[in-house]
Amino acid sequence: MARRVSATLTLALAAGAVHAADLLDEVRQRGTLRVAVEGTYPPFNFKDDAGKLTGFDVEIAEALAGKLGVKAAFSTTEWSAILAGLQAGKYDVIVNQVAATDKRRETFDFSDPYVVSSAQLIVRANETRPLATPADLKGKKIGVGQGSNYAELAKGIAGAEVKVYPGAPEYLQDLASGRLDVALNDSLLIPYLAQKTKLPVKAGAPIGPTESNAIPFRKGNPKFKQAIDKALADLKADGSFQKISTKWFGRDVSKPPVAP
């Protein structure tokens, strides 16, 4: 009987040890950092004309994986399911402009911030109506991504009709075609739309506070957090982050924009 109890205890301790393994150990043993992105969110992450995944977040994730001594392995999923996938362990991190809100911190741990941005309205290129304040948006149709912090922000605008979409491509098409009055997204998205797409849209008014975006991962992995924060710091110190950021946005997006 004593030997049987001892064997059971040994198995329990072994299971506990496996469960307690830090994510950093798993990533290095596997040789890959499993990264989730939408894959439809230019210029952050999207597929180019050849079907290759590219964008700011993709290059940052690849550089971070390199600092950890592994390769980045990407999964693409709609924003509406991306956080649930992380919680379920389908991937290790999300590198997809995730705002590190207090509510999300209840479920996930986050890296140090790597992007500072704010919410901004997007309007049609020929828009002449004053659409800048919550009062202006009363009775207007606002397009947002499902489960995004922009959706929460829009729902707080009294009298606005909020329409939820799987991602940016869908609501930007509806905005361009006149089925929406405005859309709401990251201010960093607007210059890309103006330069790289043929959609007849333009930057509207900024709305809401400045936010910090970071990289979420499952709680209880202190070694991984220390490693990912160091990797980010090293990318900034050696100029890699600024080079990638300038390529996509013309400036260092880890710093707040300077007023003109």
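Structural data are supplied above this passage.
In this report, the structure presented in the accompanying data block is examined.

Conventions used here
- Residues numbered from 1 in each chain as written.
- Predicted model: local features only at pLDDT ≥ 70, side-chain atom pairs only at ≥ 80, totals over all residues.
- Heavy atoms only, no water.
- Pairing = 2+ DSSP bridges.
- Helix = DSSP H or I, 4+ residues; strand = E, 2+ residues; numbered from the N terminus.
- Right-handed = clockwise from strand over helix to strand, strands pointing away.
- Buried < 20%, exposed > 50% of the residue type's maximum accessible area, 1.4 Å probe, protein only.
- Arc of directions from axis to C-beta.
- Contact = heavy atoms within 4.5 Å.
- Polar contact = N/O pair within 3.5 Å; in protein donor to acceptor, adjacent residues only side chain to side chain.
- Axes fitted to C-alpha atoms, helices over the stretch in contact; angles between N-to-C directions.

**Topic: the pairing of strand 11 (residues 161–165)**
Across 5 bridges, the pairing between strand 10 (residues 141–145) and strand 11 is parallel. Paired with Val 144 across the bridge in strand 11 is Val 164. A crossover links strand 10 with its parallel partner strand 11, the connecting element being helix 6 (residues 149–155), and its sense is right-handed.

**Brief notes about helix 2 (residues 23–30)**
Of the positions making up helix 2, those classed as buried are Leu 23, Leu 24 and Val 27. The buried residues of helix 2 occupy an angular sector of 100 degrees when the element is viewed end-on, so they sit on one face. Tucked into the core, helix 2 has its buried residues touching strand 1 (32–37), helix 3 (56–68), strand 14 (216–218) and helix 9 (222–237). For helix 2, the N-terminal cap is Asp 22; the gap from its side-chain oxygen to the backbone nitrogen of Leu 24 is 2.9 Å. Positive backbone phi, approximately 85 degrees, marks Gly 31, located one or two places after helix 2.

**So, the sheet that holds strand 7 (residues 98–99)**
The strand order across the open sheet formed by 6 strands is 7-13-9-12-10-11, and the pairing between neighbours is mixed. Of all strands in the sheet, those with a lone pairing partner are strand 7 and strand 11, marking the two edges. In this structure, strand 9 (residues 115–124) lies alongside strand 13 (residues 201–214), joined through 8 bridges in antiparallel fashion. What sits directly across from Arg 124, in strand 13, is Val 201. Running over the sheet, helix 7 (residues 168–176) touches strand 9, strand 10, strand 11, strand 12 (182–186) and strand 13 and is turned about 145 degrees from strand 12.

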